[in-house]
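# Structural features, examined
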Amino acid sequence: MFDKAAGPAGPEGPGAPAGSRAAPGPGRSATAALRERRLLVRLLVLPLLTGLVPLLAVPGTAHAAGGCSGRPAKTVAFSTGELRVYKSRGLACAVTVAKKPGKRRTMSVTLQARGGHAVTDKGAYTKMAGPVTVSALNRCVRASGAIGKKSASTGWILC
């Protein structure tokens with residue numbers, strides 16, 4: 001069946017798409033009704049999912065300030081701050097965090113995988129230096145960090 005004015009005619013009559021089951025209503029097309037339904041679902045479901053995301057966090061995983069993810073592998077404290085090393089899958093990540101953030105001072109963090117080049121972040125920071133990340137799949141790493149004239153290092157770890 002074909003109506004020249006309205007296009008293909010379905011079982012619901014002229015103007016309705018062939019194979020449609022419900023009439024869209026007066027003055028609305030089927031695609032407009034579908035778009036409105038999808039928008040309504042998004043508006044109702046999105047706030048619910050957003051509220052559940054913090055509840056779905058996996059307990060036992062740590063998130064360092066500034067970008068290191070994974071589990072804490074080693075923390076070395078020194079008089080002006082801490083050197084923190086994290087491990088996740090095949091990556092190692094390190095940051096140096098000041099004990100008393102505030103004024104700018106020279107901070108640095110260095111991370112090296114055995115057999116690889118050292119990666120360093122050095123500058124005048126207020127809170128932390130880093131993160132620096134290296135590929136450490138089946139390799140030992142060593143890290144060092146400094147704040148002002150005080151420093152700390154780990155030696156070879158994660159072997």
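Shown above is the structure to which this text applies.
Residues numbered from 1 in each chain as written. Predicted model: local features only at pLDDT ≥ 70, side-chain atom pairs only at ≥ 80, totals over all residues. Heavy atoms only, no water.

### Here's the deal with the state of the cysteines
Going through the model one piece at a time under the given rule, you end up with 2 disulfides. Across a sulfur-sulfur distance of 1.8 Å, Cys68 and Cys93 are joined as a disulfide pair. Where Cys68 bonds to Cys93 through sulfur, the torsion about that S-S bond is close to -70°, and the disulfide is left-handed. Of this pair, Cys68 sits in the loop between strand S3 (62-63) and strand S4 (69-78) while Cys93 sits in strand S6 (residues 91-98), placing them 25 residues apart in sequence. Here Cys68 falls in the buried class, since its relative accessible area comes to 2%. Two residues, Cys140 and Cys159, share a disulfide whose sulfurs are 2.0 Å apart. The sign of the 135° torsion about the S-S bond sets the Cys140-Cys159 disulfide as right-handed. Taken together, the residues Cys140 in the loop between strand S9 (128-135) and strand S10 (141-147) and Cys159 in the segment after strand S11 (150-153) connect sequence positions 19 residues apart. Cys140 gets classed as buried once you look at its relative accessible area, which sits at 11%. For the chain, numbering the cysteines in disulfides from first to last along the sequence yields the connectivity 1-2, 3-4. (Disulfide = S-S within 2.5 Å. Helix = DSSP H or I, 4+ residues; strand = E, 2+ residues; numbered from the N terminus. Buried < 20%, exposed > 50% of the residue type's maximum accessible area, 1.4 Å probe, protein only.)

### Looking at the nonpolar core
Judged by nonpolar contacts, the single largest core of 20 residues is most densely connected at Ala92, Ala94, Val109, Leu111, Val134, Val141 and Ala143. When contributions to this core are tallied by element, the ones reaching two or more residues are S4, strand S5 (81-88), S6, strand S7 (105-113), S9 and S10. By residue number, the principal contributor to this core is S7, which donates 4 residues. When near neighbours in sequence (up to four residues on either side) are disregarded, Ala92 contacts Tyr86, Leu111, Val132, Thr133, Val134, Ala136, Val141 and Leu158. If you look at the next biggest cluster of nonpolar residues, it comprises 6 residues, including Cys68, Tyr86, Val97 and Met128. (Core = buried A, V, L, I, M, F, W, Y, C linked by side-chain atoms within 4.5 Å. Contact = heavy atoms within 4.5 Å.)

### Looking at the pairing of S11
Side chains on a regular strand alternate between the two faces of the sheet. Across 4 bridges, the pairing between S10 and S11 is antiparallel. Each residue of the ladder has a partner; that of Ala146, found in S11, is Ser151. Taken together, S10 and the strand that follows it, S11, pair antiparallel across an intervening segment of 2 residues, in which Gly148 is found at a positive phi of about 65°. (Pairing = 2+ DSSP bridges.)

### Let's talk about the sheet that holds S11
Strand order in the open sheet formed by 4 strands is S8-S7-S10-S11, and the pairing between neighbours is antiparallel. Both outer strands of the open sheet, strand S8 (119-125) and S11, are each paired with one neighbouring strand and no more. Going from strand to strand, the sheet's axes swing by 10° on average, the running direction of each strand aside. (Axes fitted to C-alpha atoms, helices over the stretch in contact; angles between N-to-C directions.)

### A word on the environment of Gly115
Here Gly115 is to be found in the loop between S7 and S8. When the C-alpha atoms of Gly115 and Val141 are compared, they prove to be 9.3 Å apart, with 26 residues separating the residues in sequence.

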